[in-house]
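A look at the structure
Here is what each chain is made of, one letter per residue.
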Amino acid sequence: MYSLALSSQINRYFFCGMFKYLRRRLTRNLTEHNRQRARLVSKDGRCNIEFGNVKEHSRIGFLVDIWTTVLDLKWRYQMTIFISAFLGSWFLFGLLWYAVAYMHKDLPEFSPTDTHMPCVQNLNGLTSAFLFSLETQVTIGYGFRCVTEQCGEAIFLLVTQSILGVIINSFMCGAILAKISRPKKHAKTITFSKTAVISKRGGKLCLLIRVANLRKSLLISSHIYGKLLKTTVTLEGETIIMDQVNIDFIVDAGNENLFFISPLTIYHIIDKTSPFYEMSAETIKQQDFELVVFLDGTIEATSATCQVRTSYIPDEVFWGYRFAPIVSKSKEGKYRVDFSNFGKTVQVDTPHCAHCLQAEREAKRNEKKAYDNPVFQLNEVNETKM
């Protein structure tokens, strides 16, 4: 009896502990999920925004610009339209071919004579009409079923289906090819560091981000810039959600026409004009902002322009760190990029705020100068001669 009670108590403690653990994990995952949903731009560049109460006349614009609408659809919807367009046109013209044969009394149920010349030879029913429609539109030409010269309606229908088939084929195949070759797919080979760091660079306090092109083909005419999104309240009391502040990023070689052959470290100088100027190592995690970084450029292989973007929230900005070295030179004289250090950070000595760095500079400048102490008083002593 004692062993049974002890066993049941152990089981109860075990299941209670397991339940508490699962509840903590679920709460943590939900919190992280909600935090990710709060982003305007996800880490892979997708925008988390939806439009509501769009007027009906505005929706018509999507149908007018049908090409862009089809390209913006997801693959599953585009493939559904692709298959439906061909199957629908084949079946529709199959019905028309069947109707022509029915009106011309070419079907077996009309018992045509041996001298009767049908509009379409060997068209015996709806199934054969569908097959003839498919053969006509995709220009297979088996030679078993063909249009005769005795029926003007059949010739007109043949020309109409051939023209419409070329239009459908050009549009749908072009849409598939354009979607495959869209420049935004190239963005998958442009990667940003998962975190941003704040440390001194060139004697200035800077926010640094690392970006790399995984392809050997260059991204020419590149330009890097950023937007800081935050909620602000104007002097008139108006609350602006997603208020945008420009963030200028600099590369040592300049932020225009980058030589993007190896990973680059871009940085933003935190001066008096920077929105990060009033932040410190202790308060930055308490801020509510989202830093969105953009990289625009032209793909060298296709000459198509593309934009790559990512975002950083306060929890992803590490104060007092710098990125680990990533580029080295081998004994053979080749330059080697070690991507295992791409996102690694190293803790360094960094001022707690931009004001601290400014005060440190002023203190160093004062050390090189001589100043009179206003409190010091010189008392003159009269010497007496013996």
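So, here's what we can say about the structure. (Residues numbered from 1 in each chain as written. Predicted model: local features only at pLDDT ≥ 70, side-chain atom pairs only at ≥ 80, totals over all residues. Heavy atoms only, no water.)

This part is about the environment of Thr310. Tracing the sequence through the fold places Thr310 in strand E8 (residues 305–312). Assessed through its relative accessible area of 2%, Thr310 is described here as buried. Sequence separation between Thr310 and Lys194 is 116 residues; the distance between their C-alpha atoms is 9.1 Å. In this view, Thr310 contacts Val41, Ser42, Lys43, Phe192, Leu291, Val292 and Val293; residues no more than four positions away in its chain are not counted. Of note is the side chain of Thr310, whose polar atom sits 3.1 Å from the backbone oxygen of Lys43. (Helix = DSSP H or I, 4+ residues; strand = E, 2+ residues; numbered from the N terminus. Buried < 20%, exposed > 50% of the residue type's maximum accessible area, 1.4 Å probe, protein only. Contact = heavy atoms within 4.5 Å. Polar contact = N/O pair within 3.5 Å; in protein donor to acceptor, adjacent residues only side chain to side chain.)

The next point concerns the packing of aromatic side chains. Throughout the structure, instances matching the rule amount to 10 aromatic pairs. Consider the rings of Trp97 and Phe132, whose centres lie 4.8 Å apart with planes at 85°: the pair is edge-to-face. Here the residue Trp97 occupies a position in helix H4 (residues 75–103), and Phe132 occupies one in helix H5 (residues 126–137), the gap between them amounting to 35 residues. With relative accessibility at 0%, the residue Trp97 sits in the buried group. Judged by relative accessible area, Phe132 falls into the buried class, the value being 4%. Judged by centre distance (5.3 Å) and plane angle (70°), the ring pair of Tyr102 and Phe110 falls under edge-to-face. Put simply, the rings of Phe82, Phe86 and Trp90 pair up and form one aromatic cluster. Lys179 extends its terminal NZ or CZ atom over the ring of Trp75, reaching a point 5.6 Å from the ring centre. (Phe/Tyr/Trp six-rings, centres within 6.5 Å; stacked < 30°, edge-to-face > 60°. Lys NZ or Arg CZ within 6 Å of the ring centre and 35° of its normal.)

Positive phi outside glycine occurs at Ser111, with the angle close to 50°. Locating Ser111 in the fold gives a position in the loop between H4 and H5. Positive phi values are uncommon outside glycine, yet Thr139 reaches one of about 55°.

Looking now at H5. The end-to-end C-alpha separation of H5 is 17 Å, in line with the 16 Å expected for 12 residues at 1.5 Å each. For H5, the full list of buried residues reads Ser128, Ala129, Phe132, Ser133, Glu135, Thr136 and Gln137. On its buried face, H5 sits against H4 and helix H6 (152–180). Remark: Thr139 follows H5 within two positions and exhibits a positive phi of approximately 55°. (Expected span 1.5 Å × (residues − 1).)

Quick look at the pattern of salt bridges now. In total, this model carries three salt bridges according to the counting rule given. Residue Glu316 is joined to Arg39 by a salt bridge in which the shortest nitrogen-to-oxygen separation is 2.2 Å. One end of the pair, Glu316, is in the loop between E8 and strand E9 (317–319); the other, Arg39, is in the loop between helix H1 (2–37) and helix H2 (56–64), with 277 residues separating them in the sequence. Like Glu316, the residue Arg39 is buried in the burial classification. A salt bridge links Glu135 to Arg145; its shortest N-O distance comes to 3.4 Å. Pair noted here: Glu135 is in helix H5 and Arg145 is in the loop between H5 and H6, with a separation of 10 residues, a long-range link. Salt bridges here are not isolated pairs; linked through shared partners, they connect Arg39, Lys43 and Glu316. (Salt bridge = Lys/Arg side-chain N within 4 Å of Asp/Glu carboxyl O.)

Looking now at the nonpolar core. Counting 35 residues, the largest nonpolar core has Ile209 and Leu291 as the members making the most contacts within it. A total of five residues in this core trace back to one element, the largest contributor, which is strand E7 (residues 289–299). Ignoring any residue separated from it by four or fewer positions in sequence, one finds Leu291 in contact with Leu207, Ile209, Lys227, Leu228, Ile247, Phe249, Phe276, Thr310, Ser311 and Tyr312. Counting residues in each nonpolar core, the second largest holds 13 residues, with Val100, Val120, Leu123 and Cys151 among its members. (Core = buried A, V, L, I, M, F, W, Y, C linked by side-chain atoms within 4.5 Å.)

Together, Ile155, Val159, Ile163, Leu164 and Ile167 line one region of the surface with nonpolar side chains, adding up to about 420 Å² of accessible area. Exposure remark for Ile167: the relative accessible area of 49% places this residue in the partly exposed category. (Patch = residues over 30% accessible without salt bridge, like charges linked within 9 Å, V, L, I, M, F, W, Y side chains within 5 Å. Areas by Shrake-Rupley, 256 points an atom, 1.4 Å probe, with all protein chains shown as cover.)

Time to look at the state of the cysteines. What the rule picks out here adds up to one disulfide. Between the sulfur of Cys119 and that of Cys151 lies a disulfide, 2.3 Å long from S to S. The S-S bond linking Cys119 to Cys151 shows a torsion near 75°; that makes this disulfide right-handed. Placement of the pair is Cys119 in the loop between H4 and H5 and Cys151 in the loop between H5 and H6, with a sequence separation of 32 residues. When sorted by exposure, Cys119 lands in the same class as Cys151, which is buried. (Disulfide = S-S within 2.5 Å.)

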